[in-house]
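Examining the three-dimensional arrangement
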Amino acid sequence: MAVLVAAVGLTAALCLVNLLLTFGVVRRLREHGQMLTEPRTLPEVTGLLPGESPGAFTAVSATGKQLSDATGVRIAAFFSTTCSVCPERVEPFIGYVSAHGLGREDVLAVIVGNGQAGGLTTYADQLAPVATVCTEPDEGGGVSAAFKVTGFPAFCLLDDSGLLSASGYDPAMLPALVA
């Protein structure tokens with residue numbers, strides 16, 4: 001009889017511990033549910049704040065044109081050969097540029113990387129009809145540093161005076177250009 005009482009007592013204690021652990025799990029799930037429903041903002045794409053201008057830089061375009069600053073550029077796009085999302089954003093970027101009637105001189109496309117799997121050539125071939133294309137061997141190169149790019153792909157919209165007006169990871173999120 002004593003063994004039976006001990007077994008019932010042990011079973012009751014285990015059930016109580018299980019109940020307490022279940023309450024803890026339910027509480028934690030509620031906290032995570034709240035975190036998932038709260039709006040989250042993406043980090044800034046560039047260190048530049050709206051109203052700031054990109055720094056000076058020197059670069060050579062794929063056609064041999066010397067670039068020293070972003071004068072006349074309305075949108076700058078940054079792609080990386082190591083970025084898994086970048087290939088998906090090239091066509092929407094080209095569509096954005098075409099939809100706003102921008103010429104090659106208005107658009108700067110920077111391809112960052114050392115040419116893994118032909119990424120430099122692929123991006124350059126796709127972007128050359130709509131943008132002035134230049135390449136940088138690694139992150140933090142001259143143009144990327146001037147725009148303070150922190151992630152790829154990055155799209156920086158500049159106003160007529162060369163100040164940053166918007167930036168984003170997706171060209172579909174950029175506002176329409178005002179003439």
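This text gives an overview of the structure that appears in the document. (Residues numbered from 1 in each chain as written. Predicted model: local features only at pLDDT ≥ 70, side-chain atom pairs only at ≥ 80, totals over all residues. Heavy atoms only, no water.)

Regarding the packing of aromatic side chains
- All chains considered together, the criterion is met by 5 aromatic pairs.
- Taken together, F79, F93, Y123 and F155 form an aromatic cluster joined through their ring pairs. (Phe/Tyr/Trp six-rings, centres within 6.5 Å; stacked < 30°, edge-to-face > 60°.)

Observations concerning the pattern of salt bridges
- The final tally for this structure, using the stated rule, is 3 salt bridges.
- Between R28 and E31 there is a salt bridge whose closest N-O contact spans 3.8 Å. Pair noted here: R28 and E31 are both in helix α1 (residues 2-37), with a separation of 3 residues, about one helical turn.
- Here R89 ties to D170 by a salt bridge, and the two come within 3.7 Å at their closest N and O atoms. (Salt bridge = Lys/Arg side-chain N within 4 Å of Asp/Glu carboxyl O. Helix = DSSP H or I, 4+ residues; strand = E, 2+ residues; numbered from the N terminus.)

Some remarks on the nonpolar core
- The biggest cluster of nonpolar side chains holds 46 residues, and the ones touching the most others in it are F78 and F147.
- Elements represented by at least two residues in this core include exactly β3 (75-80), α2 (86-99), β4 (107-112), α3 (119-127), β5 (132-136), α4 (142-147), β6 (154-158) and β7 (164-168). (Core = buried A, V, L, I, M, F, W, Y, C linked by side-chain atoms within 4.5 Å. Buried < 20%, exposed > 50% of the residue type's maximum accessible area, 1.4 Å probe, protein only.)

Quick word on α1
- Counted at 1.5 Å a residue, the expected span for α1 with its 36 residues is 52 Å, and the 53 Å between its end C-alpha atoms agrees.
- Burial analysis of α1 places just 0 of its 36 residues in the buried class, a small minority of the element. (Expected span 1.5 Å × (residues − 1).)

Some thoughts on the pairing of β7
- As defined by bridge partners, β6 adjoins β7 across 4 bridges and the pair is classed as antiparallel. Note on β7: the bridge partner recorded for F155 is G168.
- Adjacent in sequence and paired antiparallel, β6 and β7 are bridged by 5 residues, among which G162 carries a positive phi angle near 85°. (Pairing = 2+ DSSP bridges.)

Points about the sheet that holds β5
- Spatial ordering of the open sheet is given by β5-β4-β3-β6-β7, a layout of 5 strands whose pairing is mixed. The open sheet has two edge strands with one neighbour each: β5 and β7. On average, adjacent strands in this sheet sit at an angle of 15° to one another, irrespective of strand direction.
- Helix-sheet contacts for α2 involve β3, β4 and β6, and the interaxial angle to β3 is about 165°. (Axes fitted to C-alpha atoms, helices over the stretch in contact; angles between N-to-C directions. Contact = heavy atoms within 4.5 Å.)

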